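# Reading the structure
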Protein chains: 2
Amino acid sequence: MSAPLQIGLLVFPRVTQLDFTGPLQVFSAVPGAQLHLIWKRIEPVPSDSALIVTPTTTFADCPQLDVICVPGGRGTDDLLNDEEVLDFLRRQAEGAKYVTSVCTGSLALGAAGLLKGYRAATHWSAMEMLSQFGATPTKTRVCVDRNRVTGGGVTAGIDFALTLVSILVNRTAAEAIQLGIEYNPAPPFNSGSPDTAPAEVLAFVKQRIEPLQAYRLDAVERAAARVM
Amino acid sequence: MSAPLQIGLLVFPRVTQLDFTGPLQVFSAVPGAQLHLIWKRIEPVPSDSALIVTPTTTFADCPQLDVICVPGGRGTDDLLNDEEVLDFLRRQAEGAKYVTSVCTGSLALGAAGLLKGYRAATHWSAMEMLSQFGATPTKTRVCVDRNRVTGGGVTAGIDFALTLVSILVNRTAAEAIQLGIEYNPAPPFNSGSPDTAPAEVLAFVKQRIEPLQAYRLDAVERAAARVM
């Protein structure tokens, strides 16, 4: 009997909860997998919505993971220059089989110096920022480059996790999980990407996030100055 | 200025967390909406995975909701004959604009007598059970019948929530949220429904849930005897 697969997802204040709850649902159905929600301390952290997230372990107590996954969200910006977080990611990445992210979590991997020379995906609004960390921005739903597996924005975490299960276990295991969560999506509109959204919807969303983008870009540039 | 939209999601032990975290992510982006995670008591409840869910309000303290939503999961079975839960649902349903569910949450609506004469969706594994509550099982991703809006299994909650936002607010609001969460799904496999899954995958999943189905059917039959 082999040791259980250790899968850990970073959680942090203002994480976009669906970035990790989607993958968590998928990974939890992997037979024998042990799941961890990890933060500096064990105290509950607020997500970006009404969900309060209770970590199951801390940086200090977390075992060596087979899969380390960093979700995204507005809270990502404050991870990019947080040495305690970046040290944890670097330390886990050394021994992990897969170093992964969903959405803007890839910026944190980049800030830890873990995406230099790798192709990587992220949320569409952060795509160009990846290159500041020496990564090649890749506009795919899931990007697999050697042992770096990165997903696009938010809901891409489900596609990402199913892909990773097919690599970690096998295709049949991933298909069984897909059937269990009835992942047979039928979006009522065709607005899920900047390439398909109506122009006025894209303009509205871009305008709304503009002030936040300046804050993020500043954090990225400071982090990149250290890494590159 | 109109009153904020009150949207409440029931949480309970062994809820399938993605059943409500998907809709929660969507609803949280509705301008001015107030979100509630509701259970009998305020103490954290375990979900079906590593996520511990902290309710934000209780049955006693919850305001009248505009939208009441019941997610599903194995824990649903224990709601079907729990008068405290069913009373809360009936009480909220009287004043709510929309009475909704995701996945097997529709069984709880049915057990509360709230789906008699309505079409409704649910997880594929529970489809036939809906008819015991006088509902017409409907194999669609999202089912809208007057003010009952019900989603299919687990991930259908995202399609459900975007559909409901388009009804509650408008189509542009739903499209902006869809773009924000980059909901442009690309499942790596085509196994998300019993109609498309490979035969051996369907057989494997059916066999695995068989013992659980007997438990559920017993709970459904006892509840139906009271309702019908």
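Residues numbered from 1 in each chain as written. Chains lettered and ligands numbered in written order. Predicted model: local features only at pLDDT ≥ 70, side-chain atom pairs only at ≥ 80, totals over all residues. Heavy atoms only, no water.

### Notes on helix α4 (residues 156-168) of chain A
Over its 13 residues, α4(A) runs 18 Å from end to end, which matches the ideal 18 Å to within 8%, given 1.5 Å per residue. Where α4(A) is concerned, the buried positions are A156(A), G157(A), I158(A), D159(A), F160(A), A161(A), L162(A), T163(A), L164(A) and V165(A). (Helix = DSSP H or I, 4+ residues; strand = E, 2+ residues; numbered from the N terminus. Expected span 1.5 Å × (residues − 1). Buried < 20%, exposed > 50% of the residue type's maximum accessible area, 1.4 Å probe, protein only.)

### Here we look at the sheet that holds strand β2 (residues 34-39) of chain A
Residues and elements named next belong to chain A. Pairing is mixed in the open sheet, where 7 strands are placed in the order β5-β2-β1-β6-β7-β11-β10. The sheet is open, and its two edges are formed by β5 (57-58) and β10 (142-145), each paired on a single side. Across the face of the sheet, helix α1 (residues 17-28) comes into contact with β1 (6-10) and β2 while running at roughly 155 degrees to β2. Each of β1, β2, β6 (67-70) and β7 (98-101) is contacted by helix α2 (residues 83-95), which is oriented at about 150 degrees to β6, the strand it contacts most. (Pairing = 2+ DSSP bridges. Contact = heavy atoms within 4.5 Å. Axes fitted to C-alpha atoms, helices over the stretch in contact; angles between N-to-C directions.)

### Description of the relation of the copies chain B and chain A
The operation relating chain B to chain A is a screw motion whose rotation component is 180 degrees, with 0.0 Å of axial translation and a residual RMSD of 0.0 Å. The symmetry that links the two subunits is that of a two-fold axis. Here 100% of the interface residues in chain B have copies in chain A that are interface residues too; the copies meet face to matching face. (Least-squares fit on C-alpha atoms with pLDDT ≥ 70 in both.)

### Considering the UniProt feature "domain: DJ-1/PfpI" (unreviewed entry) in chain A
Under the present numbering, the feature "domain: DJ-1/PfpI" (unreviewed entry) in UniProt falls on residues 8-165 of chain A. End C-alpha to end C-alpha, residues 8-165 of chain A measures 14 Å, and it is 27% helix and 22% strand. (UniProt positions renumbered as here; feature names shortened; annotations may be inferred.)

### Here's the deal with the sheet that holds strand β5 (residues 57-58) of chain B
Residues and elements named next belong to chain B. The strand order β5-β2-β1-β6-β7-β11-β10 describes an open sheet built from 7 strands, whose pairing is mixed. The outermost strands of the open sheet, each flanked by one partner alone, are β5 and β10 (142-145). The pairing of strand β1 (residues 6-10) with strand β2 (residues 34-39) spans 5 bridges and is classified as parallel. In the strand pairing of β2, I7 is matched with L35. Where helix α4 (residues 156-168) meets the sheet, it contacts β6 (67-70), β7 (98-101), β10 and β11 (148-151), and its direction lies at approximately 165 degrees from that of β7.

### Points about the interface of chain B and chain A
Accessible area lost upon the coming together of the parts serves often as the stated size of an interface. Facing 60 residues of chain B, the contacting portion of chain A comprises 60 residues. For the pair chain B and chain A, the two sides together bury roughly 5,100 Å², of which 64% comes from carbon and sulfur. Its largest share of buried area at the contact with chain A, chain B owes to L179(B), E182(B) and F189(B), together 16% of the area lost on that side. Run the count over chain B and chain A and you get 0 salt bridges. Viewed at the interface, chain A and chain B are joined by 35 residue pairs in polar contact (both at pLDDT 80 or more). Mapped onto the side of chain B that touches chain A, the elements with two or more residues apiece are α1 (17-28), β2, β4 (52-53), α4, α5 (171-180) and α6 (199-227) of chain B. (Buried area = accessible area lost by both parts, 1.4 Å probe. Salt bridge = Lys/Arg side-chain N within 4 Å of Asp/Glu carboxyl O. Polar contact = N/O pair within 3.5 Å; in protein donor to acceptor, adjacent residues only side chain to side chain.)

### Some words on unusual backbone geometry
Residue and element names in this part refer to chain A. For C103, which is not glycine, the phi torsion reads 60 degrees and is therefore positive. Mapped onto the elements of the fold, C103 is located in the loop between β7 and α3 (105-111). With a relative accessible area of 4%, C103 lands in the buried category.

### Description of the pairing of β7(A)
Residues and elements named next belong to chain A. Here β7 shows no split at all, with Y98 and T100 on one side and V99 and S101 on the other all buried. Judged from the 4 bridges that link them, β6 and β7 form a sheet pairing that is parallel. In the sheet register, V67 faces β7, and the bridge partner there is Y98. Of the pairings in the sheet, the one linking β7 to strand β11 (residues 148-151) comprises 3 bridges and is parallel in character. By the bridge assignment for β11, T100 is matched with V149.

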